[in-house]
Structures are given as C-alpha cells and as structure tokens.
Amino acid sequence: MIISCLQMPVVIGDFAGNVKSLRRMMKQVMGKSGERRPDVVLLPELWDIGYYPRPLPESLADNPQGVLAELARKYQVNIVGGSVAVREADGSIANACFVYDRGGSCIARYDKTHLFSPSREDRHFARGNRLGRFQLDGVPCGVVICYDLRFFEFLGITCRGGEGVPRADVLFLPTQWPDVRREHWQILTRARAIENQVYLCGCNAKGGFCPTVPLCGCSAIIDPWGEVLAQEPTDEEAIVTAEVDLAKLAEVRRGLPVMEDRRPELYR
C-alpha cells in the first residue's frame, strides 16, 4: 500500500482557495506518469477553513464532504479526508474526519475527541465519542486528529482492536501542528508508531495555527520500528509518499510481541 500525505497550503476562512489548492495537489499526486499512484491520500486537519476562524459558525464551508467524495471517485483512490468543520443537527460543530473509498463512498467518520483547550477549541467544537477504525483495501486502519496524539491510552485503544475489530496496521494523523512544538511532534509520532507497532502517517498543513502562529510542516510516514520512511523537513507545500510494507509489520510484531505481553489487569 502506497500512502501520500498532502502538506497543502491552508488559509484560514478561505474555503474556495483551499479547495483550489486541494484539487491542484490531487492532480499532481495522481497524475504522475510512469509511477505507481498512491492507494491512499491523507489530508491535514481542518483543510477546509483552517484552524480556525472566529467567529467559527460564519466560516463553515459549503460542502467539503462532496469535494472529497468527488475526488475519490475521479481518481479511484482512498481518501482519509483530514478533517473538516461540520454543523450538526443540534447546532454544535464537530471537527470531523471523513474517510472515502475508491468509489467515493464514505466508509467511516471520526470526530476529534481531545480538543485543544489552550486555543479554546473546546468552547467552539463538540467532543467526539467514537473510535476511528475502518479498513482500506482490506488493511485495518485507525485515525486520530492532532491533539489526540498526546493521549497514549487513547491511541493504544484505537490501534489494538478487539471485539471483532482487527488490530490496526496503519494509523492516520491529520493535524495542524505549530512550529513552537516541532520537537514534540517528531518525538511523539515516532514513539506512538513504536509503542503501537503501526505505520503512522502524519499530515500537517502549510500555513498558520490561528492567525499568527506558523506550523512546523514535518509531515511524515513512520514505520513500526520508528524509522522515518519519508518526511518533509520544512513547512513548505509538499507531498510525502512512502510504501507500507505489511510483511515487515508482521515481522516486527512476531519478533517483539508487545501486545501479547501486556498486563491489562494492572492498568486501571
């Protein structure tokens, strides 16, 4: 499975401009002649309106889900749609990731669970209460969003599976991660890949966190041994691509059977 992360430019409150950037980058990543196209494309957090306009309700995008479904159908590619701001029937707003298969059907939705209180995200968005689990081309996957990365118990539960849900092989992480915490990003993404024995695909945006705080970029694909397979070291627009080797994943899990050696009766 080949995965591409689109480190796309995201402008706060400019849905039309952000869609234009997305279409341009999708054409770029899917139109390479002589090369195998990606099987999955991952987008950043809140690629539709940025993180995030004030007042938020007046800046909600028109139909970001329709754009994602259209692009998945057009290019016959799986899309893990970063996240978008969605108004619910009760008037609340969710920071939600929609996942589309190659036919453009929405096969999963995950709402961001841990909201970043320093930016008052918890005052403007509703907390999610479901795990992000799904399969793409038969590969078990999970998704979490940005601040979720800091909550290792939550990522562990997302990745472990159970009750008929298979253990995740790939964890997707759309984000808008600021440059001031660049080192945290680099350490935590590798640590989460290692401790959960998954391929971790983290996709940041180019632009600003709120109006004035620059993002760090550093979108990356990391293997279960903690090796960085591909990374964009700058905050510039970029496409980060790597192949997920499921045979290597199985080898790592056989050689270091961490999940079998757990003592969950003590983890309370």
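Given the structure is predicted, the values throughout are model-derived calculations rather than measurements.

### Topic: the nonpolar core
So, point 1. Core analysis: the largest hydrophobic core is formed by 46 residues, its most contacted members being Ile-3, Val-80, Phe-134, Leu-136, Val-170, Phe-172 and Cys-201.
So, point 2. Excluding anything up to four places from it in sequence, Ile-3 contacts Val-40, Val-170, Phe-172, Cys-201, Ile-221, Val-240, Thr-241, Ala-242 and Val-244.
So, point 3. Judged by nonpolar contacts, the second largest core, of 43 residues, contains Val-86, Ala-94, Tyr-147 and Phe-209.

### Topic: the sheet that holds strand S2 (residues 9-10)
So, point 1. Pairing is mixed in the open sheet, where 3 strands are placed in the order S2-S12-S13. Because the sheet does not close on itself, it has two edges, and the strands there are S2 and strand S13 (213-214).
So, point 2. Bridging between strand S12 (residues 206-209) and S13 involves 2 bridges; their strand directions are antiparallel. In the strand pairing of S13, Phe-209 is matched with Val-213.

### Digging into the pattern of salt bridges
So, point 1. Scanning the model with the defined rule gives 18 salt bridges in all.
So, point 2. Between Arg-109 and Asp-111 there is a salt bridge, with its nearest N and O atoms 2.7 Å apart.
So, point 3. Residue classification places Arg-109 among the partly exposed residues on the basis of a relative accessible area of 26%.

### What about helix H6 (residues 246-255)?
So, point 1. Turning to H6, its buried residues number three or more, namely Leu-249, Val-252 and Arg-253. All buried residues of H6 project into a common sector of 95° when viewed along the axis, lining one side. Pointing more than 90 degrees away from the buried face of H6 are the exposed residues Ala-247, Glu-251, Arg-254 and Gly-255.
So, point 2. Buried residues in H6 make contact with helix H5 (182-196) and strand S11 (199-203).
So, point 3. At the N-terminal end of H6, a side-chain oxygen is found 3.0 Å from the backbone nitrogen of Ala-247, two or three residues along, and the residue is Asp-245.

### Focus: the packing of helix H1 (residues 15-30) against helix H2 (residues 64-75)
So, point 1. Packing of H1 against H2 leaves a shortest axis separation of 12 Å and a crossing angle of 15°. By the angle between their directions, the pair H1 and H2 is classed as roughly parallel. Crossing of H1 over H2 shows right-handed handedness. Listed contacts from H2 to Phe-15, Val-19, Leu-22, Arg-23, Met-26, Lys-27 and Met-30 of H1 are Pro-64, Val-67, Leu-68, Glu-70, Leu-71 and Tyr-75.
So, point 2. The residue makeup of the contact of H1 with H2, split by class, is 10 nonpolar, no polar and 3 charged.

Parameters at a glance
Residues numbered from 1 in each chain as written. Predicted model: local features only at pLDDT ≥ 70, side-chain atom pairs only at ≥ 80, totals over all residues. Heavy atoms only, no water. Core = buried A, V, L, I, M, F, W, Y, C linked by side-chain atoms within 4.5 Å. Buried < 20%, exposed > 50% of the residue type's maximum accessible area, 1.4 Å probe, protein only. Contact = heavy atoms within 4.5 Å. Pairing = 2+ DSSP bridges. Helix = DSSP H or I, 4+ residues; strand = E, 2+ residues; numbered from the N terminus. Salt bridge = Lys/Arg side-chain N within 4 Å of Asp/Glu carboxyl O. Arc of directions from axis to C-beta. Polar contact = N/O pair within 3.5 Å; in protein donor to acceptor, adjacent residues only side chain to side chain. Axes fitted to C-alpha atoms, helices over the stretch in contact; angles between N-to-C directions. Parallel < 35°, antiparallel > 145°, perpendicular 65-115°, else oblique. Left-handed = near helix turned anticlockwise from the far one by under 90°. Nonpolar A, V, L, I, M, F, W, Y, C, P; charged D, E, K, R; others polar.

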